[in-house]
Amino acid sequence: MKSLINTLLAATALSAASVTAMAAPMAPTAPEFTGIDKWLNGDPLTMRQLRGKVVLVDFWTYTCINCVRTLPYVKSWHEKFKDQGLVVVGVHTPEYPFERSTDNVKGAIKRFGIPYAVAQDNQYATWNAYGNRYWPAVYLIDKQGRVVYQHFGEGEYAQTEAKIRALLAEPAPAAQ
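Let me begin by describing the structure that accompanies this report. Just so it is clear, the structure is predicted and the values come from calculations on it, not from any experiment.

Some remarks on the overall build of the protein chain
- From N to C terminus, the protein chain includes five helices and six strands.
- The N-to-C order of helical and strand elements in the protein chain reads α-β-β-α-β-α-β-α-β-β-α.
- Classification of the 176 residues of the protein chain by burial places 41% in the buried group.
- By sequence separation, contacts in the protein chain at least 24 residues apart represent 74% of the contacts at least 6 residues apart.
- Of the roughly 9,600 Å² that the protein chain leaves accessible, carbon and sulfur atoms contribute 56%.

As for the packing of aromatic side chains
- Considering all chains together, one arrives at 13 aromatic pairs under this definition.
- Between Tyr-134 and Phe-152, the ring centres sit 4.7 Å apart and the planes meet at 45°, which makes this aromatic pair tilted. Taken as a pair, Tyr-134 in the loop between helix 4 (125–129) and strand 5 (137–141) and Phe-152 in strand 6 (residues 147–152) lie far apart in primary sequence, 18 residues in all.
- For Tyr-134, a relative accessible area of 43% corresponds to the partly exposed category.
- Between Tyr-139 and Phe-152, the aromatic rings sit 6.0 Å apart at their centres with planes inclined by 70°, giving edge-to-face as the arrangement. With Tyr-139 in strand 5 and Phe-152 in strand 6, this residue pair connects regions lying 13 residues apart in the sequence.
- An aromatic cluster is defined as three or more aromatic residues linked by ring pairs; in this entry it consists of Phe-59, Tyr-124, Trp-127, Tyr-130, Tyr-134, Trp-135, Tyr-139 and Phe-152.
- Stacked on the ring of Phe-112, the Lys or Arg Arg-111 has its end atom at 5.1 Å from the ring centre.

Some thoughts on empty space enclosed by the protein
- Overall, the coordinates contain two cavities of 30 Å³ or more when judged by the stated rule.
- Computed from the structure, the largest cavity encloses a volume of approximately 80 Å³.
- Taken together, Thr-70, Val-74, Trp-77, Pro-136, Val-138, His-151, Gly-153, Gly-155, Tyr-157 and Thr-160 form the lining of the largest cavity.
- Every element with two or more residues in the lining of the largest cavity is listed here: helix 2 (65–81) and helix 5 (157–169).
- Broken down by element, the lining of the largest cavity gets its largest block of residues, three residues, from helix 2.

As for the sheet that holds strand 2 (residues 54–60)
- Ordered in space as 1-4-3-2-5-6, the six strands form an open sheet in which the pairing is mixed. Of all the strands in the sheet, the pair left with one neighbour each is strand 1 (38–40) and strand 6. Going from strand to strand, the sheet's axes swing by 20° on average, the running direction of each strand aside.
- Looking at chain direction, strand 1 and strand 4 (residues 117–120) are connected through three bridges and run antiparallel.

Calculation criteria
Once a new chain begins, its residue numbering starts again from 1 and follows that chain's sequence as written. Local features are withheld for residues below a pLDDT of 70 in this predicted model, meaning they are given only at 70 or higher, and side-chain atom pairs are given and counted only at 80 or more; totals for whole chains, interfaces and linings count all residues. Only hydrogens and water are removed before side-chain values are computed, so all heavy atoms of the structure are retained for them. Put simply, DSSP H or I for four residues or longer makes a helix, DSSP E for two residues or longer makes a strand, and each gets a number counted from the N terminus. Throughout this description, buried means an accessible area under 20% of the type-specific maximum (1.4 Å probe, protein chains only), exposed means over 50%, and partly exposed covers the range between. By the convention used here, residues are in contact when the closest approach between their heavy atoms is within 4.5 Å. Only the protein chains shown count as cover for residues, and all accessible areas are computed by the Shrake-Rupley method using a 1.4 Å probe. Classification of ring pairs uses Phe, Tyr and Trp, with its six-membered ring standing for Trp, and accepts pairs whose centres are within 6.5 Å; under 30 degrees between planes counts as stacked, over 60 as edge-to-face, and the remaining range as tilted. Geometrically, a lysine NZ or arginine CZ counts as sitting over a ring once it is within 6 Å of the ring centre and also within 35 degrees of the ring normal. A cavity, in this analysis, means grid points on a 1 Å lattice covering only the protein atoms where a 1.4 Å probe fits yet has no way out; a pocket is instead an open set bounded by protein on both sides within 12 Å along at least five of seven lines, and a residue lines either one if it has an atom within 4 Å of a point. Grid points are joined across faces, edges and corners, and a volume is the space filled by probe spheres set on the points. Pairing between two strands is assigned when DSSP locates at least 2 bridges connecting them. All axes here are fitted lines through C-alpha atoms, helices being fitted over the stretch that makes contact, and every angle between N-to-C directions spans 0 to 180 degrees.

Following this line, the structure appears as structure tokens:
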């Protein structure tokens, strides 16, 4: 009898753990790019059209030294993984008034050799949609369009790349 009670208790605990795991909250849906003044290095993009891809959103500004130091890593991920389904989008959000100049941003894109699309977010609309507060900030969006990873500032490059690799390895979402 004691064995039966222990078995039932174990089954109940296992069942409760499964329900808890299934009830865990889903990652939030990535906000759309909104209020973009100008798209540079490519056509306008939407999160909707990027479903099925892994998206790295990099909030940066060209005079931020921390942002400049992260650019080689972001550019490297773009080069390494663009053919595997990674889309990198730089969201240039100015810290100072002179950084709102499209010509200045174009010059920075050329100077730093940025090959991926850059959204000029002068009004902070996309910045605010993400609830972002930092330069630089990286957000990874999975193939279902959910924000599943974020990192603020420099560092954790190996962890970020590992997360990119893991997301790229996930199956594409079922057609809807």
